[in-house]
Amino acid sequence: MKATGIVRRIDDLGRIVIPKEIRRTLRIREADPLEIYTDREGEIILKKYSPIGEMGTFAKQYAESMAQVSGHIALITDRDQFIAVSGGLKNLLGKAISKELEEKIDHRESVVATKGDRSFIPINNDVEDIHHEAISPIICEGDVIGSVILVETDHKSRMGEVEQKLIQSAAGFLGRQMEQ
C-alpha cells in the first residue's frame, strides 16, 4: 500500500473525508459507491465499486458474441475502465477510459461517428488507430454504470444504424441484467 501522508479524523457521525487530490486521482465522484474491506492487520481498505465489473465473465462472453456478429471490435466498460474486450485491442482490458468517453456516458449520450467528425471522441488516451465508433451508455435503475462500444480500425468500414441498434440493445440488456 502507498502512504499519502494525509491524516483525517472521524467526525461524531463516523464519517471521514477523502481528500480532493485522492478523489481526483482515483476518479471518485460524489455519490460513487465504495466497497469497504478490512484485513488482519486492522487496515480499512476502500475500493471503488463497479456493479458491471461483477459481471466480468458474462460481459466478456457478451463482447465476444457482439464481435462475432458485427465483425467489429467490441468493448464493454464500467464508468472508469474497460472490463471486456473482444475482436482486437486486447491491451485495453483494465485500462482507463478517456475523460471524453467518461463525460459522454455520464451525460447519457450515444455516439456513432467517424474519425474527423465533430462527435468523434477518443475512447482511451493510448489508442489512435480507431476510425469508426459506436457508443451507448449502460443504464441500470436510472444510474449510468458503463458503456457498450463497437470500434473499427479499418478506415473503409463504416458504422451505421445496424451497429447503433446492436449496441443500444446490448446496453439495455446489460442494464436489465444488473437490475436482477
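Please refer to the structure placed before this passage.
Asks: Would you mind going over helix H3 (residues 99-106) with me for this structure?
Replies: Given 3.6 residues per turn, any residue in an α-helix points the same way as the ones three and four places further on. Taken together, the buried positions of H3 are occupied by Leu101, Glu102, Lys104 and Ile105. Mapping the buried residues of H3 onto a view down its axis gives an arc of 165 degrees, with all of them on the same face. Elements in contact with the buried residues of H3: strand S3 (73-77), strand S5 (111-114), strand S6 (132-140) and strand S7 (143-152). In the stretch just after H3, arginine 108 is the one whose phi turns positive, near 60 degrees.

Asks: I'm lost on the packing of aromatic side chains in this one. Help?
Replies: Applying the stated criterion across every chain yields a total of 3 aromatic pairs. For the ring pair phenylalanine 58 and tyrosine 62, a centre distance of 6.1 Å and an interplane angle of 45 degrees mean the geometry is tilted. One end of the pair, phenylalanine 58, and the other, tyrosine 62, are both in helix H2 (residues 56-70), 4 residues apart, so they sit about a helical turn from each other. Between phenylalanine 58 and phenylalanine 173, the aromatic rings sit 6.0 Å apart at their centres with planes inclined by 35 degrees, giving tilted as the arrangement. Of this pair, phenylalanine 58 sits in helix H2 while phenylalanine 173 sits in helix H4 (residues 161-179); the two residues are 115 residues apart in sequence, bridging distant segments of the chain. A relative accessible area of 31% places phenylalanine 173 in the partly exposed class.

Asks: I keep staring at the pattern of salt bridges and nothing clicks. Help me out?
Replies: Inspection of every chain in the model, using the stated rule, returns 4 salt bridges. The closest approach of N and O atoms between aspartate 11 and arginine 15, which form a salt bridge, is 2.8 Å. Where glutamate 64 meets lysine 60, a salt bridge forms, and the shortest distance between an N and an O atom there is 3.5 Å. Here the residue glutamate 64 and the residue lysine 60 both occupy positions in helix H2, the gap between them amounting to 4 residues, near one helical turn. Given the relative accessible area of 31%, glutamate 64 is considered partly exposed. Residue class for lysine 60 comes out partly exposed when judged on its relative accessible area of 44%.

Asks: Got a minute to help me understand the sheet that holds S7 in this structure?
Replies: Where strands meet in a sheet, backbone hydrogen bonds hold them as pairs that are either parallel or antiparallel. Read across the open sheet, the 5 strands follow the order S4-S3-S7-S6-S5; overall the sheet is antiparallel. Because the sheet does not close on itself, it has two edges, and the strands there are strand S4 (82-86) and S5. With direction set aside, neighbouring strand axes in the sheet form an average angle of 15 degrees. Here S6 runs beside S7; their pairing, made up of 9 bridges, is antiparallel. Note that in S7 the partner of glutamate 133 across the bridge is valine 151.

About the thresholds
Counting restarts for each chain: residues are numbered from 1 in the order of the written sequence. Confidence filtering applies because this is a predicted model: local features only for residues at pLDDT of at least 70, side-chain atom pairs given and counted only at 80 or more, and all residues used for totals across whole chains, interfaces and linings. Only hydrogens and water are set aside; all other atoms, that is, all heavy atoms of the structure, feed into the side-chain values. Each residue gets one of three labels from its accessible area relative to the maximum for its type: buried under 20%, exposed over 50%, partly exposed in between, using a 1.4 Å probe on protein chains only. Where helices and strands are cited, they refer to DSSP runs of H or I of at least four residues and of E of at least two residues respectively, numbered from the N terminus. For this quantity, the arc is that covered by the directions from the helix axis to the C-beta atoms. By definition in these notes, contact holds between two residues if any of their heavy atoms fall within 4.5 Å. Any Phe, Tyr or Trp ring, taking Trp's six-membered ring, that has another such ring centre within 6.5 Å forms a pair; planes under 30 degrees apart are called stacked, those over 60 apart edge-to-face, and the others tilted. What makes a salt bridge here is a side-chain nitrogen of Lys or Arg within 4 Å of a carboxyl oxygen of Asp or Glu, nothing more. When DSSP finds two or more bridges between a pair of strands, those strands are recorded as paired. Angles here are taken between N-to-C directions and fall from 0 to 180 degrees, while the axes themselves are lines fitted to C-alpha atoms, restricted in helices to the stretch in contact.

Scope: geometric values only; no functional claims are made or implied.
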